[in-house]
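Remarks on the overall topology
Here is how the chains run, residue by residue.
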Amino acid sequence: MVSLRLHFRTEAAPGLVAFLDEHRAEWTDRFPGTLPKATYPTPNTVYTLELPRPTMGDQAGVAEVFAKVEAMAEALLPVVSAYFAQSAVSA
């Protein structure tokens with residue numbers, strides 16, 4: 001299994017989870033990661049997408065994993081950047 005993750009310290013980005021949820025339509029098609037619901041408070045937030053691990057020598061499978069990483073970054077970077085830009089204005 002290969003895990004693609006958006007991982008951040010929750011206290012370092014208060015409100016980012018809500019912001020990501022509000023803007024889910026902008027990124028979920030390219031990165032359909034899930035946020036597990038913890039039964040207790042945790043210091044970290046982790047959105048995860050699990051992919052099958054390519055077998056040794058499977059260049060097409062490895063290329064697909066890299067394409068998913070690229071898609072994740074392209075989808076999430078504008079949204080996360082907008083959150084921090086908005087946070088800077090609010091501060």
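Above this note sits the structure.
Reading the values: rules and limits
Numbering of residues starts from 1 in each chain and follows the order in which that chain's sequence is written. The predicted origin of the model limits local features to residues at a pLDDT of at least 70 and limits the giving and counting of side-chain atom pairs to 80 or more, whereas totals for whole chains, interfaces and linings rest on all residues. Only hydrogens and water are set aside; all other atoms, that is, all heavy atoms of the structure, feed into the side-chain values. Helix numbering and strand numbering both begin at the N terminus, where a helix is a DSSP run of H or I of at least 4 residues and a strand a DSSP run of E of at least 2. Helices are assigned an expected span. That span is 1.5 Å times one less than the residue count. The bend reported for a residue corresponds to the angle between axes fitted to the seven residues ending at that residue and the seven starting there. Only protein chains enter the accessibility calculation, which uses a 1.4 Å probe. A residue is then buried if its area is under 20% of the maximum for its type, exposed if over 50%, and partly exposed in between. Any Phe, Tyr or Trp ring, taking Trp's six-membered ring, that has another such ring centre within 6.5 Å forms a pair; planes under 30 degrees apart are called stacked, those over 60 apart edge-to-face, and the others tilted.

Our focus in this paragraph is helix 3 (residues 59-90). Side chains three or four residues apart in an α-helix point the same way, a direct result of the helix having 3.6 residues per turn. Over its 32 residues, helix 3 runs 46 Å from end to end, which matches the ideal 46 Å to within 8%, given 1.5 Å per residue. Of all bends in helix 3, the biggest is about 30 degrees, found at Leu76, and the proline Pro78 comes one to four residues later. Listed as buried for helix 3 are Gly61, Val65, Ala71, Met72, Ala75, Leu76, Val79, Val80 and Tyr83.

This part takes up the packing of aromatic side chains. Taken as a whole and assessed by the stated rule, the structure comprises four aromatic pairs. Note on Tyr83 and Phe84: the rings are 4.9 Å apart at their centroids and 80 degrees apart in plane angle, and the pair reads as edge-to-face. On the basis of relative accessibility, which here comes to 6%, the residue Tyr83 falls in the buried class. Phe84 sits in the partly exposed class, given a relative accessible area of 42%.

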